[in-house]
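One letter stands for each residue in the lines below.
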Amino acid sequence: MSTLAEKLGEVGMVDVDTARLTARIAVIKFNCRVEINGSESMIECDISMQNPLAVINTALLHSYSVTTPCVRILAAIIKRWAKRRDINNPASHTLSSYGYILMLLHFLTTHKVTNNGTLESLFPSNKPQKTTECPYVPNLQWLDHRCLQKPDAPYTEWQQKPANSYTTMNHPTEASYIVNTHFFRINDQGAQSALKRKIDQFNTNTPSVGYLLASFFRYYAYDFDYKRHVVSLNALSRSGPIEREAKAESDGWKLYGQSLFLEDPFEEFYDVAHVLKPSNFQRIRRELALGYSKVLSSISKSSGSNNDDHGAGEKLLDSICEEFVDGA
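## Points about the overall build of the protein chain
Here's step 1: Counting its secondary structure elements, the protein chain contains 9 helices and 9 strands.
Here's step 2: Expected size for 328 residues packed as a compact globule is a radius of gyration near 20 Å; at 21 Å, the protein chain falls within 12% of this value.
Here's step 3: Along the longest, intermediate and shortest principal axes, the C-alpha atoms of the protein chain span 60 × 60 × 45 Å.
Here's step 4: Here the protein chain, with 328 residues, has 43% of them falling under the buried criterion.
Here's step 5: When contacts within the protein chain are restricted to residue pairs at least 6 apart in sequence, long-range pairs at least 24 apart make up 59% of them.
Here's step 6: Surface accessibility of the protein chain: about 17,600 Å² in total, with carbon and sulfur atoms responsible for 50%.
Here's step 7: Of note, the protein chain has its 35 positive side-chain charges centred 4 Å away from the centre of its 36 negative side-chain charges.

Shown next, in the form of structure tokens:
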């Protein structure tokens, strides 16, 4: 990997970063110059080797990105926000982009759309529900694809994830751990269309991107119970939130104290947020609260005005993603 990093610099890659070569999963990060519409831009890249789970993770995130355009838009905004607010650097004990995307997917897969176009938790009392309800974005690791074959069929999830020779693999570094890699792969237009029809069946009044962004900020600034629960894609309407107590018992996670615990979707023993220092966790919550207040303020100011929505949206985005200046 060190030799590869040297070669990347020699062929013109910019800002080659080898700080994570000694991490659990060795990664080289760099920027690549490209020309788009006659102007030079930089594309952020990273390379990891001999890590099949990274390929599966990428495939899972890609499938989520095509479920609905809002997923891609929200992911791009949140990644920009986190980077500009200087809370997106694991080397400085803040959260990785991957961590923020998992937070977004947990939020979207644990909330449903109400008849008036607002979002509601799948487990408002923090308890399992008697029936399986369709979230705003279906949980691709638990979705029973057979419910997509009939237009009017209810949304259903597997009681247990399918496990066979095609969906399980040995962990590349943890010899005793078997990884269940099952998820509904959206590899063609047919699968995407079938899933869209099922989503439209239950989401008849889709919220705006602005509302979803504000709800994301509010959820993690004020609503999520960090003392009791884990951010996880295994939180389902029929089983309820994943309890920290259960993770402490099964995987030895820390039980006491208020912080973010973030379960990897495939390496369920691994806490993606383990790099967070308590002070940085509190700062991330303050940034989430600040983002929420800025969205509310923008809505209040624009209410009843005839301002151009596109222009107002750009100003709001610039305000939310204002570059953080330490001590300012």
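## Some thoughts on helix 6 (residues 209-223)
What sets the pattern is the α-helix's 3.6 residues per turn: residues three or four places apart point alike.
Here's step 1: In this model, helix 6 (15 residues) spans 19 Å end to end at C-alpha, consistent with the 21 Å of a helix rising 1.5 Å per residue.
Here's step 2: Turning to helix 6, its buried residues number three or more, namely L212, L213, A214, S215, F216, F217, Y219, Y220 and A221.

## Some details on the environment of F224
Here's step 1: The topology assignment puts F224 in the loop between helix 6 and strand 8 (229-230).
Here's step 2: Put simply, F224 and L260 are 36 residues apart on the chain and 9.8 Å apart in space, counted from C-alpha to C-alpha.
Here's step 3: With near-sequence residues (within four places) excluded, F224 lies in contact with H106, Y219, H229, V230 and V231.

## Some points on the pattern of salt bridges
Here's step 1: According to the stated counting rule, one finds 18 salt bridges in the structure shown.
Here's step 2: Residue D223 pairs with R218 through a salt bridge whose shortest N-O separation is 3.4 Å.
Here's step 3: Classification of D223 by relative accessible area gives partly exposed; the value is 42%.
Here's step 4: A salt bridge links K294 to E322, with the nearest nitrogen and oxygen atoms 3.7 Å apart. Separated by 28 residues along the polypeptide, K294 in helix 8 (residues 278-302) and E322 in the segment after helix 9 (309-320) bring together distant segments of the chain.
Here's step 5: Through salt bridges with shared partners, a single ionic network connects R85, R283 and E287.

## Observations regarding the side chain of N88
Here's step 1: Mapped onto the elements, N88 comes out in the loop between helix 3 (69-84) and helix 4 (97-109).
Here's step 2: Residue N88 is classed as buried on the basis of its relative accessible area of 12%.
Here's step 3: For N88, the side chain forms a polar contact with the side chain of S97, separated by 3.2 Å.
Here's step 4: When sequence neighbours within four positions are dropped, the list of residues in contact with N88 reads K79, A82, K83, T94, L95, S96, S97 and Y100.

## Observations concerning the sheet that holds strand 3 (residues 39-47)
Paired through their backbone hydrogen bonds, the strands of a sheet run either parallel or antiparallel.
Here's step 1: An order of 1-2-3 is seen for the 3 strands of this open sheet, with the pairing classed as antiparallel. Looking along the sheet, the strands with just one partner apiece sit at the ends: strand 1 (14-17) and strand 3. Across the sheet, the mean angle separating the axes of adjacent strands is 25 degrees when strand polarity is ignored.

## Regarding the packing of aromatic side chains
Here's step 1: Throughout the structure, instances matching the rule amount to 15 aromatic pairs.
Here's step 2: The interplanar angle of 45 degrees and the centroid separation of 5.9 Å between the aromatic rings of Y220 and F224 together place this pair among those described as tilted. One exposure class covers both Y220 and F224, and it is buried.
Here's step 3: Ring-pair connections join several aromatic residues into one group, and the members of that group are W81, Y100, F107, F216, F217, Y219, Y220, F224, Y226 and F281.
Here's step 4: The positively charged end of K247 is found above the aromatic ring belonging to W253, 4.6 Å away from the centroid.
Here's step 5: Between R283 and the ring centre of F324, over which it is positioned, the NZ or CZ distance is 3.9 Å.

## Some words on the confidence of the model for the protein chain
Here's step 1: Scored by pLDDT, the protein chain has a mean of 89; 95% of the residues are at 70 or more.
Here's step 2: Across the protein chain, the element-wise mean pLDDT spans from 81 in helix 9 up to 96 in helix 4.

## A word on the packing of helix 3 against helix 4
Here's step 1: Where helix 3 contacts helix 4, the axes come no closer than 10 Å and their chain directions differ by 135 degrees. Our classification of the angle between helix 3 and helix 4 gives oblique. Regarding helix 3 and helix 4, the two cross each other, and that crossing is right-handed. Contacts between helix 3 and helix 4 involve V71, L74, A75, I78, K79, W81 and A82 on the former and, on the latter, S97, Y100, I101, L104, L105 and L108.
Here's step 2: Here the residues of the contact of helix 3 with helix 4 are counted per class, giving 11 nonpolar, 1 polar and 1 charged.

## Considerations on the packing of helix 3 against helix 6
Here's step 1: Axis separation between helix 3 and helix 6 bottoms out at 11 Å; the angle between their running directions is 50 degrees. By the angle between their axes, helix 3 is oblique relative to helix 6. Crossing hand, helix 3 versus helix 6: right-handed. Facing C70, I73, L74, I77, I78 and W81 of helix 3, the residues of helix 6 in contact are V209, L212, L213, F216 and F217.

Each value, and the rule that gives it
Residues numbered from 1 in each chain as written. Predicted model: local features only at pLDDT ≥ 70, side-chain atom pairs only at ≥ 80, totals over all residues. Heavy atoms only, no water. Helix = DSSP H or I, 4+ residues; strand = E, 2+ residues; numbered from the N terminus. Rg over C-alpha atoms; globule rule 2.2 N^0.38 Å. Buried < 20%, exposed > 50% of the residue type's maximum accessible area, 1.4 Å probe, protein only. Contact = heavy atoms within 4.5 Å. Areas by Shrake-Rupley, 256 points an atom, 1.4 Å probe, with all protein chains shown as cover. Lys, Arg positive; Asp, Glu negative; His and termini not counted. Charge placed at Lys NZ, Arg CZ, Asp CG, Glu CD. Expected span 1.5 Å × (residues − 1). Salt bridge = Lys/Arg side-chain N within 4 Å of Asp/Glu carboxyl O. Polar contact = N/O pair within 3.5 Å; in protein donor to acceptor, adjacent residues only side chain to side chain. Pairing = 2+ DSSP bridges. Axes fitted to C-alpha atoms, helices over the stretch in contact; angles between N-to-C directions. Phe/Tyr/Trp six-rings, centres within 6.5 Å; stacked < 30°, edge-to-face > 60°. Lys NZ or Arg CZ within 6 Å of the ring centre and 35° of its normal. pLDDT = per-residue confidence, 0-100. Parallel < 35°, antiparallel > 145°, perpendicular 65-115°, else oblique. Left-handed = near helix turned anticlockwise from the far one by under 90°. Nonpolar A, V, L, I, M, F, W, Y, C, P; charged D, E, K, R; others polar.

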